[in-house]
Amino acid sequence: YPGGEGSYFDEIERRLGAEDRRRLGNEARPGVPLCYLFWLACHGRLPDRPAVVAAIPDFVVANLCGGTPTTDVTHAFGHGALDVEALDWHRAAIERLGLVEVRWPRIVPQGSVVGKVPVGSRRLPIFAPVGDYQCSQVGAFLDDGELSVNVSTGSAVIRLARGCEFGDFQTRPYFDGRYLSTITHIPGGRALNALVRLLGELAEAQGHRLHDPWDYILAEAERAGATDLNVDPAFYFSAMGDRGSVTNVREENLTVGHLFRAAFTGMADNYARCALRIAPQRDWIRLVFSGGVALRSALLRQLVCDRLGQAHRLAASEEDTLLGLLVLALRFTG
């Protein structure tokens, strides 16, 4: 950031402060529209006439239906500018970032019909798009007292809140006026894929493409048993930092089995730490595993259960987000 210390994102955090960050859901993310808009404003690249912020689904719906972009609160949260307590745009934070000239979409109630599209002789109602993250937990059928461990490309630990709760976690609006207490961007499948890419690099360089390596990886990780190899899977910007490591390496434990056993162990340790930030009383009744990585790896599930309790169930489908969308579609249409 010119004239200051650090990046544009650091400047955003300085301007907002702790109370604003709490009201925005307590999740500092450089990749949300609020941050992009700040950068555009600093460079004089915002439109020179009034313009509405529109996420892609809201933009598509507005164009299909010939209206102005609107949004549901679960989708509005993804803009990075929603006051989660008031469930309206955080005008004070927007002003502090010099974005008062920007127009924000109107927030509509859950299940609102925001337009109709002519298809042949019919006019099909279009409902306000919803947040994909929240959708995934509908598809996992998350219930009171359960702790969700979602592991796919990224991963998260999630619990239904008793209200608009704040703490050492993120607060996200959910459906039916409820909230989720969660920690997201925990290293997951992306970190495992980084290890797979490393192991396949020499073969790829010589023109050999590895077929699906996961059956072998999972079998070897099971066979390795307990390992003294340590893997911190924070290989990229995440809730657990942005510098991972592989330590305590010896010739005997430098194998695929030990490497991935240690990676799964590091992931399970992360989920346990995050779970205790969300629910330090450990008062959940069971775990819910969702996401392709969690459903595919019995070893990873067992390592998590060893830390958080054995009572658990699996989500009904690997496609939990699409299943959640189907559930909401049925609910919204009665």
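This one's a predicted model, so the numbers in the text were calculated from it and none came from an experiment. (Residues numbered from 1 in each chain as written. Predicted model: local features only at pLDDT ≥ 70, side-chain atom pairs only at ≥ 80, totals over all residues. Heavy atoms only, no water.)

1. Digging into the pairing of strand β9 (residues 170-173)
At step 1: Here β9 shows two buried faces, one formed by Gln170 and Arg172 and the other by Thr171 and Pro173.
At step 2: Across 4 bridges, β9 lies against strand β10 (residues 179-187) in antiparallel orientation. From the neighbouring strand, glutamine 170 faces β10, where its bridge partner is threonine 182. (Buried < 20%, exposed > 50% of the residue type's maximum accessible area, 1.4 Å probe, protein only. Helix = DSSP H or I, 4+ residues; strand = E, 2+ residues; numbered from the N terminus. Pairing = 2+ DSSP bridges.)

2. Observations regarding the packing of helix α6 (residues 132-139) against helix α12 (residues 320-332)
At step 1: Close contact between α6 and α12 brings their axes to 6 Å; oriented N to C, the two are set at 85°. Looking at the two axes, α6 sits roughly perpendicular to α12. Contacts between α6 and α12 pair Asp132, Cys135, Ser136, Val138 and Gly139 from the former with Asp320, Thr321, Leu323, Gly324, Leu325, Val327 and Leu328 from the latter. (Axes fitted to C-alpha atoms, helices over the stretch in contact; angles between N-to-C directions. Parallel < 35°, antiparallel > 145°, perpendicular 65-115°, else oblique. Contact = heavy atoms within 4.5 Å.)

3. Describing the layout of surface pockets
At step 1: In this structure, the largest pocket spans a volume of roughly 1000 Å³.
At step 2: Surrounding the largest pocket, 42 residues form its lining, Glu27, Arg29, Arg172, Thr184 and His185 being those nearest its centre.
At step 3: Looking at the lining of the largest pocket, the elements that each hand over two or more residues are α4 (73-76), α6, β8 (154-160), β9, β10 and α12.
At step 4: Tallied by class, residues from the lining of the largest pocket come to 12 nonpolar, 22 polar and 8 charged.
At step 5: Each pocket or cavity is described by its volume, and for the second largest pocket that value is around 280 Å³.
At step 6: As for the second largest pocket, its lining consists of 13 residues, and the residues nearest its centre are Leu46, Pro47, Ala51, Val52 and Val102.
At step 7: Looking at the lining of the second largest pocket residue by residue, the class counts come to 10 nonpolar, no polar and 3 charged. (1 Å grid on protein atoms, 1.4 Å probe; cavity = no way out; pocket = protein on both sides within 12 Å on 5 of 7 lines; lining within 4 Å. Points joined across faces, edges and corners; volume = space filled by probe spheres on them. Nonpolar A, V, L, I, M, F, W, Y, C, P; charged D, E, K, R; others polar.)

4. Remarks on the sheet that holds strand β7 (residues 146-151)
At step 1: In space, the 6 strands of this open sheet follow the order β9-β10-β8-β7-β13-β14, with mixed pairing throughout. Two strands lie at the open edges of the sheet, namely β9 and β14 (312-314), each paired on one side alone. Adjacent strand axes in the sheet meet at a mean angle of 25° when their direction is disregarded.

5. Description of the environment of valine 108
At step 1: Examined against the element boundaries, valine 108 turns out to sit in strand β4 (residues 106-108).
At step 2: Judged by its relative accessible area of 7%, valine 108 falls in the buried class.
At step 3: Put simply, valine 108 and leucine 147 are 39 residues apart on the chain and 29 Å apart in space, counted from C-alpha to C-alpha.
At step 4: Residues in contact with valine 108, not counting those within four places in the same chain, are Thr70, Thr71, Asp72, Val73, Val114 and Ala128.

6. Things to note about the packing of aromatic side chains
At step 1: One pass over the full model with this rule turns up 7 aromatic pairs.
At step 2: Geometrically, the ring pair formed by tyrosine 1 and phenylalanine 38 is stacked, given 6.3 Å between the ring centres and 20° between the ring planes. Taken together, the residues tyrosine 1 in the segment before α1 (8-23) and phenylalanine 38 in helix α2 (residues 33-42) connect sequence positions 37 residues apart.
At step 3: Residue class for tyrosine 1 comes out partly exposed when judged on its relative accessible area of 24%.
At step 4: A relative accessible area of 1% places phenylalanine 38 in the buried class.
At step 5: Seen in terms of ring centroids, tyrosine 174 and phenylalanine 175 are 5.2 Å apart; in terms of plane orientation they differ by 55°. Their pairing is tilted. The exposure classification of tyrosine 174 matches that of phenylalanine 175, with both residues buried.
At step 6: Note that arginine 22 overlies the ring of phenylalanine 166, its terminal NZ or CZ placed 4.2 Å from the centroid. (Phe/Tyr/Trp six-rings, centres within 6.5 Å; stacked < 30°, edge-to-face > 60°. Lys NZ or Arg CZ within 6 Å of the ring centre and 35° of its normal.)

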